[in-house]
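Single-letter residue listing:
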Amino acid sequence: MAQMKLEIGGRSFMVTCQDGEEAHLTKLAAMVDGKARESGDPAGLTESRMLLFTSLLLADELHSAQSANAAPVQADAPAKPDPMDEKAIAALEKLADRAEQLANSLE
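Since the model is a prediction, treat every value here as computed from it, not as a measurement.

### As for the side chain of D33
Of note, D33 is situated in helix α1 (residues 22-38). For D33, the contacting residues outside a window of four places in its chain are E7, I8, G9 and G10.

Next comes the structure, spelled out in structure tokens:
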């Protein structure tokens, strides 16, 4: 298992990942960081609220993309699940779980 330091919203997070997944995780972290910065001044938010708002922004973006892809499919073109969508969903679920754990620990 590889251990990495990710910068999201001006904060550092130590995470572990499977060996060889570092580049993919770095790309995901860059996406999350971009959304964290979109949610306003991340320095003015608690860590749990920043992660919550970031998760919501990413979930909204994913929902919009899924809705756009849900257009009627021709009968001769079977729908194939995109592996990147599945990875993004899994990453968002992990992020949402982490945000919920942080929020619970602050209560």
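### Observations concerning α1
Taking 1.5 Å of rise per residue, 17 residues should cover 24 Å, and α1 covers 24 Å from first to last C-alpha, within 8% of that figure. When α1 is considered as a whole, its buried residues turn out to be L25, L28, A29, V32, D33, K35 and A36. Considered in projection along α1, the buried side chains sweep an arc of 165 degrees and stay on one side of the axis. What points out from α1, more than 90 degrees from its buried face, is the exposed set A23, K27 and E38.

### Some details on the confidence of the model for the protein
On average, the protein scores 79 in pLDDT, and the residues at 70 or more come to 78%. Mean pLDDT per element in the protein: helix α3 (residues 83-106) is the minimum at 73, and strand β1 (residues 2-8) is the maximum at 92.

### With respect to helix α2 (residues 47-69)
Helix length check: α2 (23 residues) gives 33 Å between terminal C-alpha atoms against 33 Å at 1.5 Å per residue, within 8%. Looking at α2, one finds that the buried residues are S48, M50, L51, T54, S55, L58 and L62.

### Looking at the pairing of strand β2 (residues 11-17)
Pairing between β1 and β2: seven bridges, direction antiparallel. If you follow I8 over to β2, its bridge partner there is R11. In sequence, β1 turns back onto β2 through a hairpin of two residues, with G9 there showing a positive phi of about 60 degrees.

### A word on the environment of A59
Positionally, A59 belongs in helix α2. Spatially, the C-alpha atoms of A59 and A96 are 9.3 Å apart, while their sequence positions differ by 37 residues.

### Some points on the packing of α1 against α2
Closest axis-to-axis distance for the α1/α2 pair is 9 Å, and the angle between their directions is 110 degrees. Regarding the angle of α1 to α2, the classification is roughly perpendicular. Mapping the contact onto sequence places M31, V32, K35, A36 and E38 in α1 and M50, T54, L57, L58 and E61 in α2. By residue class, the composition of the contact of α1 with α2 is six nonpolar, one polar and three charged.

### Observations concerning the pattern of salt bridges
For side chains of opposite charge, pairing can occur when their charged atoms come near one another. Here the structure, examined in full by the defined rule, presents three salt bridges. We note a salt bridge from D33 to R37, for which the minimum N-O separation is 3.1 Å. Remark: R37 and D33 occur in helix α1; sequence separation between them is four residues, near one turn of the helix. According to the relative accessible area criterion, D33 is buried, its value standing at 16%. Close ionic contact of E61 with K35 constitutes a salt bridge, the shortest N to O distance being 2.5 Å. Within this pair, whereas E61 is found in helix α2, its partner K35 is found in helix α1, the two being separated by 26 residues in sequence.

Calculation rules
- Residues numbered from 1 in each chain as written.
- Predicted model: local features only at pLDDT ≥ 70, side-chain atom pairs only at ≥ 80, totals over all residues.
- Heavy atoms only, no water.
- Helix = DSSP H or I, 4+ residues; strand = E, 2+ residues; numbered from the N terminus.
- Contact = heavy atoms within 4.5 Å.
- Expected span 1.5 Å × (residues − 1).
- Buried < 20%, exposed > 50% of the residue type's maximum accessible area, 1.4 Å probe, protein only.
- Arc of directions from axis to C-beta.
- pLDDT = per-residue confidence, 0-100.
- Pairing = 2+ DSSP bridges.
- Axes fitted to C-alpha atoms, helices over the stretch in contact; angles between N-to-C directions.
- Parallel < 35°, antiparallel > 145°, perpendicular 65-115°, else oblique.
- Nonpolar A, V, L, I, M, F, W, Y, C, P; charged D, E, K, R; others polar.
- Salt bridge = Lys/Arg side-chain N within 4 Å of Asp/Glu carboxyl O.

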